[in-house]
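Given next are the chains, with one letter for each unit.
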Amino acid sequence: MGATIDALTADDLPAARAVLADACRFDRAADVAEEKLFGASPRGQPLALAARVDGALVGVAAASCDRVRVLAVAPAARGRGVGSALLTACEQHVWAGAHRRVRVLDEPGNYLAPGIDVDNVDTIAWLGRRGYVRRDEHENLVVDLRDNPRVSAARAAELADACAARGYAIRRAQLDELDAISAHVSIGFGGAWPFEIERAATRTPCGLFVAERDGRVAAFAAHDGNNRGLGWFGPAGTWPEHRGQGLGEALLIACLVDVAAVHARSEIAWIGPREFYTRALGPLGTRKFAVLTRETPHRRATLPPAMR
Ligand SMILES: CC(C)(COP(=O)(O)OP(=O)(O)OC[C@H]1O[C@@H](n2cnc3c(N)ncnc32)[C@H](O)[C@@H]1OP(=O)(O)O)[C@@H](O)C(=O)NCCC(=O)NCCS
């Protein structure tokens with residue numbers, strides 16, 4: 001019997017977690033199941049889909065704007081068209097939203113990973129047979145936090161003291177200043193960062209740290225803003241006039257000390273200045289991700305006006 005595709009509901013969450021745990025060998029999707037399947041991104045709510053065989057959940061997917069945010073089929077149910085049916089349903093959602101290109105995974109502000117892990121060759125090949133091409137590549141840095149001498153409360157205090165000598169206070173943000181910080185980050189950096197720092201700040205303990213001087217936020221860094229519960233680092237930024245004074249490093253270590261209390265490692269996603277991280281943290285591991293996209297198969301003449 002074929003699978004039926006319908007809406008995934010909150011009641012499906014335990015079963016969805018089990019499917020993700022079984023299906024996703026490269027990402028800790030089950031640990032962030034709720035965020036990925038039902039959580040908002042800066043662009044709104046996703047469409048969450050269920051594939052069921054005889055009423056049992058065998059596959060899940062979520063699509064948001066032009067992204068397939070997550071797609072997984074339990075190994076025992078593979079090879080019967082379930083994945084293709086979920087993918088088609090995601091694509092229909094994307095085309096209905098007047099996007100001309102669909103991308104897999106890297107949704108700003110709410111992403112399981114910044115692309116498909118390049119070691120996940122079967123899934124990359126499967127998507128390739130369905131018209132997806134590799135468009136870009138992203139990298140995560142992986143920081144080992146066990147017995148890492150560069151990530152300790154003592155070093156965090158030392159770096160904070162050096163910043164204090166230059167007039168900056170390194171501290172955890174307060175919830176009542178979140179709106180002001182978010183607006184400041186929005187003007188200074190924009191993108192999905194205000195969304196991610198709000199996610200980071202509203203966890204317990206607050207995952208947002210700031211450097212403050214004369215009542216102004218000069219730099220910030222966050223953890224668990226995306227993939228809450230996995231201990232990923234980011235985003236982080238120092239306003240240009242305050243750069244070169246050790247604020248970024250002091251904030252990075254403050255965040256990682258927090259993460260190290262719970263996790264053995266952290267990932268720094270979608271990295272910018274790699275040298276900054278290797279200088280601050282020593283040798284780092286890497287994960288590489290392929291960004292796959294597919295153009296709409298609809299011919300121009302058949303597209304709704306917004307897509308032409
Ligand atoms: C990729 C994945 C979703 C595919 O799921 P699936 O249910 O096996 O997909 P399908 O059954 O549609 O396709 C698998 C093969 O079975 C074939 N097949 C067999 N019987 C079929 C049937 N009755 N109907 C359609 N296709 C059938 C398909 O043609 C396909 O082969 P092809 O790629 O050579 O064309 C699944 O392997 C998976 O969950 N992978 C890991 C998840 C992951 O890493 N996701 C990224 C992070 S979210």
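Computed from a prediction, not measured in an experiment: that's the story for all the values here.

Notes on helix H9 (residues 274-281)
Those residues of H9 lying buried are Tyr-277, Ala-280 and Leu-281. Relative to the axis of H9, the buried residues are bounded by an arc of 80° and lie together on one face. Seen from the buried face of H9, the exposed residues on the opposite side, beyond 90 degrees, are Glu-275 and Arg-279. Looking at the buried residues of H9, the elements they touch are strand S7 (133-144), helix H5 (153-165), strand S11 (233-238), helix H8 (247-260) and strand S12 (265-268). At the C-terminal side of H9, Gly-282 shows a positive phi close to 80°.

Digging into the domain arrangement of the chain
You can read the domains of the chain as domain 1 (4-136 + 290-307) and domain 2 (147-263). Taking the mean C-alpha position of each, domain 1 and domain 2 sit 32 Å from one another. With 14 residues of domain 1 at the interface, the matching set in domain 2 holds 10 residues. Of the roughly 950 Å² buried where domain 1 meets domain 2, counting both sides, 54% is carbon and sulfur surface. Joining domain 1 to domain 2, the criterion identifies one salt bridge. With a closest N to O distance of 2.7 Å, Glu-35 and Arg-199 form a salt bridge. In this structure, the connection of domain 1 to domain 2 is made through eight residue pairs in polar contact (both at pLDDT 80 or more).

Digging into the packing of helix H6 (residues 178-188) against helix H7 (residues 193-201)
Running from amino to carboxyl end, H6 crosses H7 at an angle of 155°, the nearest separation of the two axes being 9 Å. By the angle between their directions, the pair H6 and H7 is classed as roughly antiparallel. For the pair H6 and H7, the sense of crossing is right-handed. In this structure, H6 contributes Leu-178, Ile-181, Ser-182, Val-185 and Ser-186 to the contact, and H7 contributes Trp-193, Pro-194, Ile-197, Glu-198 and Ala-201. Residue classes in the contact of H6 with H7 are distributed as seven nonpolar, two polar and one charged.

A closer look at the pairing of strand S9 (residues 208-213)
Pairing geometry for strand S8 (residues 169-172) and S9, over four bridges, is antiparallel. What sits directly across from Ala-169, in S9, is Glu-212. Sheet topology places S9 next to strand S10 (residues 216-223); six bridges connect them, and they run antiparallel. When the sheet's bridge partners are listed, Phe-209 is paired in S10 with Ala-221. The antiparallel hairpin formed by S9 and S10 contains two residues in its connecting segment, where Asp-214 sits at a positive phi of about 50°.

Comments concerning the pattern of salt bridges
The full count for this structure, using the stated rule, is 28 salt bridges. Arg-287 is the partner of Asp-27 in a salt bridge, and the nearest nitrogen-oxygen pair spans 3.2 Å. Note that Asp-27 is positioned in the loop between helix H1 (13-23) and helix H2 (33-38) and Arg-287 in strand S13 (residues 285-295), a separation of 260 residues in sequence. Here Asp-27 falls in the buried class, since its relative accessible area comes to 13%. In this structure Arg-287 comes out as buried when scored by relative accessible area, which is 13%. Shared partners join several salt bridges into a network, and the residues in it are Arg-43, Asp-66, Arg-67, Arg-69, Arg-103, Asp-106 and Glu-107.

Quick notes on the nonpolar core
In this structure, Leu-8, Leu-20, Leu-37 and Val-60 are the most contacted members of the largest nonpolar core, which totals 49 residues. Here this core gets seven residues from one element, more than from any other, and that element is helix H3 (residues 82-96). Other than its neighbours up to four places away in sequence, Val-60 contacts Leu-8, Ala-16, Val-19, Leu-20, Leu-37, Leu-49, Val-70, Leu-71, Ala-72 and Leu-86.

Quick notes on the packing of aromatic side chains
For the structure shown, the criterion picks out nine aromatic pairs. Ring plane angle 55° and centroid distance 6.4 Å describe the contact between Tyr-111 and Trp-232, whose orientation is recorded as tilted. In this pair, Tyr-111 is assigned in the loop between strand S5 (101-104) and strand S6 (116-117) and Trp-232 in the loop between S10 and S11, connecting sequence segments 121 residues apart. Where Phe-233 meets Tyr-277, the ring centres are 6.2 Å apart and the plane angle is 75°; that geometry is what we call edge-to-face.

Rules and cut-offs
Residues numbered from 1 in each chain as written. Predicted model: local features only at pLDDT ≥ 70, side-chain atom pairs only at ≥ 80, totals over all residues. Heavy atoms only, no water. Buried < 20%, exposed > 50% of the residue type's maximum accessible area, 1.4 Å probe, protein only. Helix = DSSP H or I, 4+ residues; strand = E, 2+ residues; numbered from the N terminus. Arc of directions from axis to C-beta. Contact = heavy atoms within 4.5 Å. Domains from an automatic or database assignment. Buried area = accessible area lost by both parts, 1.4 Å probe. Salt bridge = Lys/Arg side-chain N within 4 Å of Asp/Glu carboxyl O. Polar contact = N/O pair within 3.5 Å; in protein donor to acceptor, adjacent residues only side chain to side chain. Axes fitted to C-alpha atoms, helices over the stretch in contact; angles between N-to-C directions. Parallel < 35°, antiparallel > 145°, perpendicular 65-115°, else oblique. Left-handed = near helix turned anticlockwise from the far one by under 90°. Nonpolar A, V, L, I, M, F, W, Y, C, P; charged D, E, K, R; others polar. Pairing = 2+ DSSP bridges. Core = buried A, V, L, I, M, F, W, Y, C linked by side-chain atoms within 4.5 Å. Phe/Tyr/Trp six-rings, centres within 6.5 Å; stacked < 30°, edge-to-face > 60°.

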